[in-house]
Amino acid sequence: MRFLYNIGIYLYQLAIFIASFFNTKAKKLRIGQAEAFIVLKQKIDPNTRYVWFHAASLGEFEQGRPVIEQLKKEKPDTKILLTFFSPSGYEIRKNYALADIVSYLPLDTASAAKKFVEMLNPSKAIFIKYEFWPNYLQALKAAGNRVITVLAGRNKDLIILEKEMRESSDEVIIMTDDGSYGRKGLVTEGVEEVIKRE
């Protein structure tokens, strides 16, 4: 399955490359991902452990934003790297005051994920909402990180990717708004709990 996923990632990369000649958003994505390692190399302090937050886009960022704000309130010296997959999130939040570094996330190829994780050496990595990047999760585990996933939805029927997350994670916490599956509560409650105890 991973083999097919990796082929799909390279085909997606090719599609973005072609689309970038005709579509402004695709062009921003291609350039942003291509320049991500340059930006990170310039900005990452190799003696610092960052808490890495990743959001696909602006909507996902807004869902995770309370967790970032609470973390900075409780531990103001925490260094935060914020990555986005989509230009809509990056362009609007590239100057987000609570993040020490804001960058695009390089595409989820095995080599890019390994290089990114080695360069960053995060103390924690938090992927917001349905961001399932198998090569990044594998690179985090290979680097000795515990991978804890918090899945959430309004009810049991809206919990997706549970099987895949259980295969890639050391621990999976499930939260539902109505308590029909896992624990009753919001995703932010589950993530805040993990941050406090890890």
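Residues numbered from 1 in each chain as written. Predicted model: local features only at pLDDT ≥ 70, side-chain atom pairs only at ≥ 80, totals over all residues. Heavy atoms only, no water.

**Q** When you look at unusual backbone geometry in this model, what are you seeing that I'm missing?
**A** Only a minority of non-glycine residues have a phi that is not negative, and only a minority of peptide bonds are not trans. The phi angle at Asn121 is positive, at roughly 50°, despite the residue not being glycine. Along the polypeptide, Asn121 turns up in the loop between helix H5 (110–120) and strand E4 (124–127). Even without a glycine there, the phi angle at Leu161 is positive, about 65°. Residue position: Leu161 is located in the loop between strand E5 (148–153) and helix H7 (162–168). The class of Leu161 is partly exposed, set by a relative accessible area of 27%. (Helix = DSSP H or I, 4+ residues; strand = E, 2+ residues; numbered from the N terminus. Buried < 20%, exposed > 50% of the residue type's maximum accessible area, 1.4 Å probe, protein only.)

**Q** Can you help me understand a nonpolar patch on the surface in this one?
**A** A cluster of nonpolar side chains, namely Phe3, Leu4, Ile7, Leu11, Leu14, Phe17, Ile18, Phe21 and Phe22, defines an oily patch on the protein surface of about 1000 Å² accessible area. Inspection of the secondary structure assignment puts Leu14 in helix H1 (residues 2–19). We classify Leu14 as partly exposed; its relative accessible area is 47%. (Patch = residues over 30% accessible without salt bridge, like charges linked within 9 Å, V, L, I, M, F, W, Y side chains within 5 Å. Areas by Shrake-Rupley, 256 points an atom, 1.4 Å probe, with all protein chains shown as cover. Salt bridge = Lys/Arg side-chain N within 4 Å of Asp/Glu carboxyl O.)

**Q** How should the pattern of salt bridges be read in this particular structure?
**A** Note on pairing: side chains with opposite charge can pair once their charged atoms come close. Evaluation of the coordinates by the stated rule reveals 11 salt bridges. Between Arg93 and Glu62 there is a salt bridge, and its shortest N-O distance comes to 3.0 Å. Here Glu62 lies in helix H3 (residues 58–74) and Arg93 lies in helix H4 (residues 87–93), a separation of 31 residues in the sequence. We classify Glu62 as partly exposed; its relative accessible area is 32%. Across the salt bridge formed by Lys94 and Glu91, the nearest N and O atoms sit 3.1 Å from each other.

**Q** What is the right way to look at the packing of helix H2 (residues 24–43) against H5 in this model?
**A** Between two packed helices, both the angle of their axes relative to each other and the distance between the axes serve to describe the pair. Here H2 crosses H5 at 10°, and the two axes come no closer than 11 Å. Between H2 and H5, the angle is such that the two are roughly parallel. Once H2 is placed against H5, the crossing between them reads as left-handed. When H2 is examined against H5, the residues Phe37, Leu40 and Lys41 are found in contact with a partner set consisting of Ala112, Lys115, Phe116 and Met119. Classifying every residue of the contact of H2 with H5 by side-chain character gives five nonpolar, no polar and two charged. (Axes fitted to C-alpha atoms, helices over the stretch in contact; angles between N-to-C directions. Parallel < 35°, antiparallel > 145°, perpendicular 65-115°, else oblique. Left-handed = near helix turned anticlockwise from the far one by under 90°. Contact = heavy atoms within 4.5 Å. Nonpolar A, V, L, I, M, F, W, Y, C, P; charged D, E, K, R; others polar.)

**Q** Sorry if this is basic, but what is going on with the pairing of strand E6 (residues 171–176) here?
**A** Consecutive side chains along a regular strand alternate between the two faces of the sheet. A large share of E6 lies buried, amounting to five of its six residues. By the bridge criterion, six bridges tie E5 to E6 in an arrangement that is parallel. The partner of Thr149 across the bridge, within E6, is Val172. Traced from E5 through H7 to E6, the parallel crossover comes out right-handed. Where E6 meets strand E7 (residues 183–184), two bridges bridge the pair, whose relative direction is parallel. (Pairing = 2+ DSSP bridges. Right-handed = clockwise from strand over helix to strand, strands pointing away.)

**Q** I'm lost on the sheet that holds E6 in this one. Help?
**A** The strands making up a sheet associate through backbone hydrogen bonding, with each pair oriented either parallel or antiparallel. Across the sheet, which stays open at both edges, the three strands sit in the order E5-E6-E7 with parallel pairing between neighbours. Across the chains shown, the open sheet's two edge strands, defined by having one partner strand only, are E5 and E7. Across the face of the sheet, helix H8 (residues 187–197) comes into contact with E5, E6 and E7 while running at roughly 165° to E5.

**Q** Whenever I open this one, the sheet that holds strand E2 (residues 79–84) confuses me. Can you help?
**A** What the four strands build is an open sheet, ordered E3-E2-E1-E4; its pairing is parallel. Edge positions in the open sheet fall to strand E3 (101–104) and E4, since each of these has one partner strand only. Going from strand to strand, the sheet's axes swing by 20° on average, the running direction of each strand aside. Strands in contact with helix H6 (residues 134–142) are strand E1 (50–55) and E4; relative to E4, the strand with the most contacts, it is inclined by about 165°.

Such coordinate-based values are descriptive only and should not be taken to indicate function.
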